[in-house]
There are 2 protein chains.
Amino acid sequence: MKKAGACGNDPDTQLSSYFHLSWSTNRVANSSATIRDVAKLAELSVASVSRVLNGHGNVHADTRKRVLKAMDTLGYVPNAAARSLSTARSHAIGIVLPDLHGEFFSELVRGMDMAASDANYMMLLSTMHADRERAIQALSAMRGRIDGAIVMAPQLSPEDLRRALPAGSPAVLVNSPEEDGQHHNLRIDNRGGVTLMVRHLLASGRKRIVHLAGVAENLDAVERKQAFCDTMKALAPELPVRVLDGDFTDTGAELLVQQLLASGEEFDAIFAANDMMALGALKVLRTIGISVPGQVAVAGFDDIPLASFLDLTTMRIEISDFGKRAVERLVAELSNDAPPATLERVTPTLITRATTASG
Amino acid sequence: MKKAGACGNDPDTQLSSYFHLSWSTNRVANSSATIRDVAKLAELSVASVSRVLNGHGNVHADTRKRVLKAMDTLGYVPNAAARSLSTARSHAIGIVLPDLHGEFFSELVRGMDMAASDANYMMLLSTMHADRERAIQALSAMRGRIDGAIVMAPQLSPEDLRRALPAGSPAVLVNSPEEDGQHHNLRIDNRGGVTLMVRHLLASGRKRIVHLAGVAENLDAVERKQAFCDTMKALAPELPVRVLDGDFTDTGAELLVQQLLASGEEFDAIFAANDMMALGALKVLRTIGISVPGQVAVAGFDDIPLASFLDLTTMRIEISDFGKRAVERLVAELSNDAPPATLERVTPTLITRATTASG
DNA sequence: CTGAAAGCGCTTACAG
DNA sequence: CTGAAAGCGCTTACAG
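Here's what I pulled together on the structure shown here. Source: prediction; values computed, not measured. Each residue is numbered by its place in its chain's sequence as written, counting from 1. Key to labels: chains lettered from A, ligands numbered from 1, both in the order written. Residue-level local features of this predicted model are given only where pLDDT is at least 70; pairs of side-chain atoms are given and counted only at 80 or more, and the full residue set underlies all totals for whole chains, interfaces and linings. The side-chain numbers reported here are obtained from all heavy atoms of the structure, hydrogens and water having been left aside.

1. Regarding unusual backbone geometry
Most peptide bonds take the trans form, and the phi angle of most residues other than glycine is negative.
Here is step 1 of the chain: Of note, the amide linkage connecting V292(A) to P293(A) takes the cis form, showing an omega dihedral of 5°.
Here is step 2 of the chain: Runs of H or I in DSSP of at least four residues are treated as helices and runs of E of at least two as strands, each being numbered from the N terminus. Mapped onto the fold, P293(A) is located in the loop between helix 11 (275–288) and strand 9 (297–299).
Here is step 3 of the chain: One non-glycine residue, D311(B), adopts positive backbone phi at about 60°.
Here is step 4 of the chain: Within the fold, D311(B) resides in the loop between helix 12 (305–309) and strand 10 (314–316).
Here is step 5 of the chain: On the basis of relative accessible area, D311(B) is assigned to the partly exposed category, the value being 38%. Categorising residues by exposure relies on relative accessible area from a 1.4 Å probe, with only protein chains included: less than 20% of the type maximum marks a residue as buried, more than 50% marks it as exposed, and the intermediate range marks it as partly exposed.

Below you can see the structure in the form of structure tokens.
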């Protein structure tokens, strides 16, 4: 046997060490201590305990100290339900999302979590709400548990929202169709993104750009397609505007490109409405032996991890930022210092990579 | 201009239709209706309303009907906080996760959500808890809001858990090091997975298998590495056991493989501790012009989406199933009908693809 | 099968 | 600055 590599038990590989506990040590493991217990121990009224708990100013320094000490020795944690019942505030926000995949989901939630924990809110999450009824149910189920909601449910009308949410409770929409003036709506600037990409393709000398559109029911797909048509007409009225209707999947795109090739129609660029379709196109082109970007440039939209891995030119959407902004806006509304609700567009960035680089 | 593709506004592309509202129509938009209001309208006591609300048997059919009608006309939804305060049950579970990426996160949460909504529990989610302190804080912050928790925090000791959780409140661990007999612990069967893969590589005639290990602090990485060594010794004691210490990243793996190639050492298979490293290895081998799987077989672990896209042999972990099982177990504990806590291993499946197929 | 009443653990005017 | 007391909206023995 040759060198045995790094096998064997490495004594340094202690997975965790439980020594330096930095928590208070004199606690009694009694999680059911109530505010009354604290008051009794501190020889004060519950009102005073409540005051220090809530950081009210009008408390004597000594009182505060006694309360804090009592809380510590009892390991007191206020009961959130009781607090919520008293204040009519839960300090939680509801998040209702559809069945998002991979990075979209994780990045969105990551951004939301950052903003939420910064503002001291908890997140009540509910996912998988493909249709309107289920989204409404999910939202209704949160009533009384949340102070507001972030809703990503393109199928929901403002009217639906009004029904599902407690009256007057704020909500921020993400990628929703409607602007009703009531709810802030955060969306992708598809037009801006498409314009950047079309301009890039034209600048690199492409004359026959084919757009692979996404699912016809999808808001972004529709906007991207329309924006493609408009931009082409505006920037290069002499060129043909070619669109193939796809379904956002790589396999669907493969079929489309195969058909396109079979038809003998000429093209020197494919701009897909999302990265998966662009990758499907790429696969077919490479299999056939068409050089990319030599003969045909390929571009997508989203900048999923696969895109950078396979060096695909695309439009990057900062998804975590999206989630962060949504929560920040909601928190502002909860604090009553939000500007009027509008449709807010987040513009993606052009990421130029090998599949369009003319070099 | 040639055929214009499918541009233009398609009138069928109505994004949503808001007509067939299936909700009750006679509701008054008064979300602050309380159980007392319902009782008053139904001319009954709040106790009766509460009984039908909770589906208790001892209610006259007519009474039930009157209550339901009143609830409907008032658009009544019970206040969760009040309920929770009374019953000492929140019907929510806390989920504390580290900074997981992409599919891991989304699939895990998806599985949890499925199980949770099936059991009528809400999910209070908190992520990004890299270190012990933050995980403890996140968990503590949930006190009084949850009935139990799912915790994925390898750094947390059973003692930490006991501190952060309310006394006696159940928790299920995911991928945690300890078994304390108190908490159920769900983990990947790394040994089983590695054995399957090593057997597969040996069966396809590989003699010099190099294992790219993962981050040394990672539980799974350690187990996989150890399992690789053990399995090799057990199944093929005459063969060399070669391990290179990597870091779970593709770029890290690229460096390792480049060094390996430069060293002139012979090898005919690379078994990486995760897919990203396998893909990094693949990239280098292909760039150099080494045929895969002809000269060198490559295999990973995890079955991330990239793996199927790039036809990589790997071990598939059903992550959503993982999340689902964790919640189901927790719910069972909450219902007091869970078998004793154990260390439960979920075995991954071998997915044979082009990078090892000898055909 | 139904109702009056106590209690869950907090917060917050209201007096002092 | 502090305390006694009412109230948040439910549930649940306890009588009837």
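So, next bit.
2. Here we look at the sheet that holds strand 3 (residues 148–151) of chain A
Here is step 1 of the chain: Any two strands are treated as partners once DSSP identifies two or more bridges connecting them. Strand order in the open sheet formed by 12 strands is 11(A)-5(A)-4(A)-3(A)-1(A)-2(A)-2(B)-1(B)-3(B)-4(B)-5(B)-11(B), with mixed pairing between adjacent strands. The sheet is open, and its two borders are formed by strand 11 (343–346) of chain A together with strand 11 (343–346) of chain B, each paired with just one other strand. The average angle at which neighbouring strand axes cross in this sheet is 20°, direction not considered.
Here is step 2 of the chain: Taken together, the 4 bridges between strand 5 (residues 184–188) of chain A and strand 11 of chain A define a ladder with parallel strand orientation. Each residue of the ladder has a partner; that of L186(A), found in strand 11 of chain A, is E344(A). Angles run from 0 to 180 degrees between N-to-C directions of axes, and those axes are lines fitted to C-alpha atoms, restricted for helices to the stretch in contact.

3. Notes on the protein's contact with DNA strand D
Here is step 1 of the chain: The rule for a residue being near a molecule or strand is that one of its heavy atoms must lie within 4 Å of it. As a matter of local geometry, DNA strand D sits amid 27 residues, with R51(A), T63(A), I35(B), S50(B) and S86(B) nearest to it.
Here is step 2 of the chain: When the atoms of DNA strand D within 4 Å of the protein are sorted by group, sugar and phosphate make up 62%.
Here is step 3 of the chain: At 3.0 Å from a phosphate oxygen of DNA strand D is found a main-chain nitrogen or oxygen belonging to H60(A).
Here is step 4 of the chain: The term polar contact refers here to a pair of N or O atoms within 3.5 Å; inside protein, the definition further demands a hydrogen-donor-capable atom paired with an acceptor-capable atom, and it admits residues adjacent in sequence only when both atoms are side-chain atoms. Y76(B) is positioned such that a nitrogen or oxygen atom in its side chain is 2.9 Å from a phosphate oxygen of DNA strand D.
Here is step 5 of the chain: Elements with a contribution of two residues or more to the surface near DNA strand D: helix 2 (46–53) and helix 4 (80–87) of chain A together with helix 2 (46–53) and helix 4 (80–87) of chain B.
Here is step 6 of the chain: It is helix 4 of chain B that contributes the most residues to the surface near DNA strand D, 5 residues altogether.

4. Things to note about helix 3 (residues 61–74) of chain A
All names here are of chain A.
Here is step 1 of the chain: Compared with the 20 Å implied by 1.5 Å per residue over 14 residues, the 20 Å span of helix 3 between its first and last C-alpha is a close match.
Here is step 2 of the chain: Residue contacts are counted whenever heavy atoms from the two residues lie within 4.5 Å of one another. The inward-facing, buried residues of helix 3 contact helix 1 (35–42) and helix 2.
Here is step 3 of the chain: G75 occupies a position one or two residues after helix 3 and carries a positive phi of about 65°. A helix is expected to reach a length of 1.5 Å times the quantity of its residues less one.

5. Let's talk about the nonpolar core
Here is step 1 of the chain: To define a nonpolar core, start from buried Ala, Val, Leu, Ile, Met, Phe, Trp, Tyr and Cys residues and group those joined through side-chain atoms within 4.5 Å. F271(A) and F271(B) are the most contacted members of the largest nonpolar core, which has 96 residues in total.
Here is step 2 of the chain: Aside from chain neighbours lying at most four places away, what touches F271(A) is V194(A), M197(A), V198(A), L201(A), I209(A), V210(A), H211(A), L212(A), F228(A), A299(A), G300(A) and F301(A).
Here is step 3 of the chain: Formed by 59 residues, the second largest nonpolar core is a distinct cluster that contains A221(A), L244(A), F267(A) and V296(B).

6. Quick word on the pairing of strand 7 (residues 242–245) of chain B
Residues and elements named next belong to chain B.
Here is step 1 of the chain: Pairing of strand 6 (residues 209–213) with strand 7, which is carried by 4 bridges, proceeds in the parallel orientation. For L212, the partnering residue across the bridge sits in strand 7 and is L244.
Here is step 2 of the chain: On the question of chirality, the crossover connecting strand 6 to the parallel strand 7 by way of helix 9 (residues 219–235) is right-handed. Crossover handedness is defined here as right-handed if the route from the first strand over the helix to the second strand goes clockwise, with the strands pointing away from the viewer.

7. Some remarks on the protein's contact with DNA strand C
Here is step 1 of the chain: Looking at DNA strand C, there are 27 residues lining it, with I35(A), S50(A), S86(A), R51(B) and T63(B) nearest.
Here is step 2 of the chain: Among all atoms of DNA strand C positioned within 4 Å of the protein, those belonging to sugar or phosphate total 63%.
Here is step 3 of the chain: At a separation of 2.9 Å, a phosphate oxygen of DNA strand C approaches a polar backbone atom of H60(B).
Here is step 4 of the chain: Mapped onto the surface near DNA strand C, the elements with two or more residues apiece are helix 2 and helix 4 of chain A together with helix 2 and helix 4 of chain B.
Here is step 5 of the chain: Take the surface near DNA strand C: its biggest share by element is 5 residues, from helix 4 of chain A.

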